[in-house]
Amino acid sequence: WLIDTNNKTVFVNNKLCEIFQYTQDEMMGKEIYSFMDEEGKQTAADLMQKKKEGYADERHFKYLSKSGKVIWVNISANPLFNEDGSYKGSLAMVTDITERKQIEQSLASKHESLKEAQAIARVGNWEIDLANRTHYWSHEIYTIFGINKGDMPPSDESFMSFCHPEDLKYATEKIEEGFKTFRIIRRDGLVRYVYNEWKFKYDKNGHPAWLFGIFQDVTERKLAEIE
């Protein structure tokens, strides 16, 4: 996609026409904003000003095809200059990423639904990549511990640092068995009962590769059992 100094189309190849569902004649002379919604027009206008200042960039944009279909594309654009250094337009490579964007949005929606479900059940999930020793905690685990996500990196040490001193020996011994219920002391000093359980995921050679677990606040249930 080649545009001039006024952001008007001076060249498009057949593939771009196929993505946008327009013919070359229909796109020629049109401003790049002609194929965007109002939100996209404002974002693009800000970026085109930077192009004239010599900035090259790559980002995702939402466009509308001739039929009204939403199209997501990745645009890698570079400014073009005359011999005297004056701006004469921009050349962009355009990649259709609509399907990938739809998958990302679907996953984001499912992630948000899972987050809400975990909050209702007061249960979080955690993972450990045993090969790289990287840890992951879901949002609800931070909530159970009474901390924000940026307060502490997920790790074995971080996890056990919340364990109640009187339960530390028990919890440490039970790790090999996938220990069950023990007490924690939250950052705000509250003592809570939690339930923890995990299992391995093995690689194709039968070696443990991942460790997956659930972590649930069961304080009310435990107190009822004790009473």
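The sections below set out a description of the structure shown in this document. These numbers come from a predicted model, not from an experiment. (Residues numbered from 1 in each chain as written. Predicted model: local features only at pLDDT ≥ 70, side-chain atom pairs only at ≥ 80, totals over all residues. Heavy atoms only, no water.)

### Some points on unusual backbone geometry
Now for step 1: Of note, the phi angle at Gln-21 is positive, near 70°, even though the residue is not glycine.
Now for step 2: Relative to the assigned elements, Gln-21 resides in the loop between α1 (14-20) and α2 (24-27). (Helix = DSSP H or I, 4+ residues; strand = E, 2+ residues; numbered from the N terminus.)

### Digging into the nonpolar core
Now for step 1: Judged by nonpolar contacts, the single largest core of 23 residues is most densely connected at Trp-1, Phe-20, Met-27, Phe-61, Tyr-63, Val-73 and Ile-75.
Now for step 2: At the level of secondary structure, the elements contributing two or more residues to this core comprise α1, α3 (38-52), β3 (57-64), β4 (70-81) and β5 (87-96).
Now for step 3: Residue contacts for Phe-61: discarding those within four places in its chain leaves Met-36, Gly-40, Thr-43, Ala-44, Leu-47, Ile-71, Trp-72, Val-73 and Ile-75.
Now for step 4: Of all hydrophobic cores here, the second largest spans 20 residues; its members include Tyr-142, Met-152, Phe-159 and Cys-163. (Core = buried A, V, L, I, M, F, W, Y, C linked by side-chain atoms within 4.5 Å. Buried < 20%, exposed > 50% of the residue type's maximum accessible area, 1.4 Å probe, protein only. Contact = heavy atoms within 4.5 Å.)

### Some details on the pairing of β4
Now for step 1: Sheet topology places β4 next to β5; nine bridges connect them, and they run antiparallel. Within the sheet, the bridge partner assigned to Val-73 lies in β5 and is Asp-96.
Now for step 2: Connecting β4 to the next strand, β5, in antiparallel fashion are five residues, including Gly-85 with a positive phi near 90°. (Pairing = 2+ DSSP bridges.)

### Details of the pattern of salt bridges
Now for step 1: Tallied over the entire structure, the rule returns nine salt bridges.
Now for step 2: For Lys-66, the salt bridge goes to Glu-26, with nearest N and O atoms at 2.6 Å. Taken together, the residues Lys-66 in the loop between β3 and β4 and Glu-26 in helix α2 connect sequence positions 40 residues apart.
Now for step 3: The exposure class of Glu-26 is partly exposed, given its relative accessible area of 28%.
Now for step 4: A salt bridge links Asp-188 to Arg-186, with the nearest nitrogen and oxygen atoms 2.7 Å apart.
Now for step 5: Here the salt bridges do not stand alone but share partners, grouping Arg-122, Arg-192, Asp-217 and Glu-220 into one network. (Salt bridge = Lys/Arg side-chain N within 4 Å of Asp/Glu carboxyl O.)

### Some points on the layout of surface pockets
Now for step 1: Here the second largest pocket defines a volume of roughly 150 Å³.
Now for step 2: If you trace the second largest pocket, you find it lined by Trp-1, Phe-11, Asn-13, Lys-15, Leu-16, Ile-19, Leu-91, Ala-92, Met-93, Val-94 and Thr-95.
Now for step 3: Among the elements of the structure, α1 and β5 are those that each provide at least two residues to the lining of the second largest pocket.
Now for step 4: Looking at which element gives the most residues to the lining of the second largest pocket, the answer is β5, with five residues.
Now for step 5: Grouping the amino acids of the lining of the second largest pocket by side-chain chemistry returns eight nonpolar, two polar and one charged. (1 Å grid on protein atoms, 1.4 Å probe; cavity = no way out; pocket = protein on both sides within 12 Å on 5 of 7 lines; lining within 4 Å. Points joined across faces, edges and corners; volume = space filled by probe spheres on them. Nonpolar A, V, L, I, M, F, W, Y, C, P; charged D, E, K, R; others polar.)

### Digging into the environment of Ala-121
Now for step 1: Residue position: Ala-121 is located in helix α4 (residues 98-121).
Now for step 2: Ala-121 sits in the partly exposed class, given a relative accessible area of 34%.
Now for step 3: Linking Ala-121 and Ser-109, residues 12 residues apart in sequence, is a C-alpha distance of 19 Å.

### Some words on the sheet that holds strand β7 (residues 134-137)
Now for step 1: What the five strands build is an open sheet, ordered β7-β6-β10-β9-β8; its pairing is antiparallel. The sheet is open, and its two edges are formed by β7 and β8 (181-185), each paired on a single side. Along the sheet, successive strands turn relative to each other by an average axial angle of 30°, direction set aside.
Now for step 2: As paired elements, β8 and strand β9 (residues 191-202) share five bridges and run antiparallel to each other. (Axes fitted to C-alpha atoms, helices over the stretch in contact; angles between N-to-C directions.)

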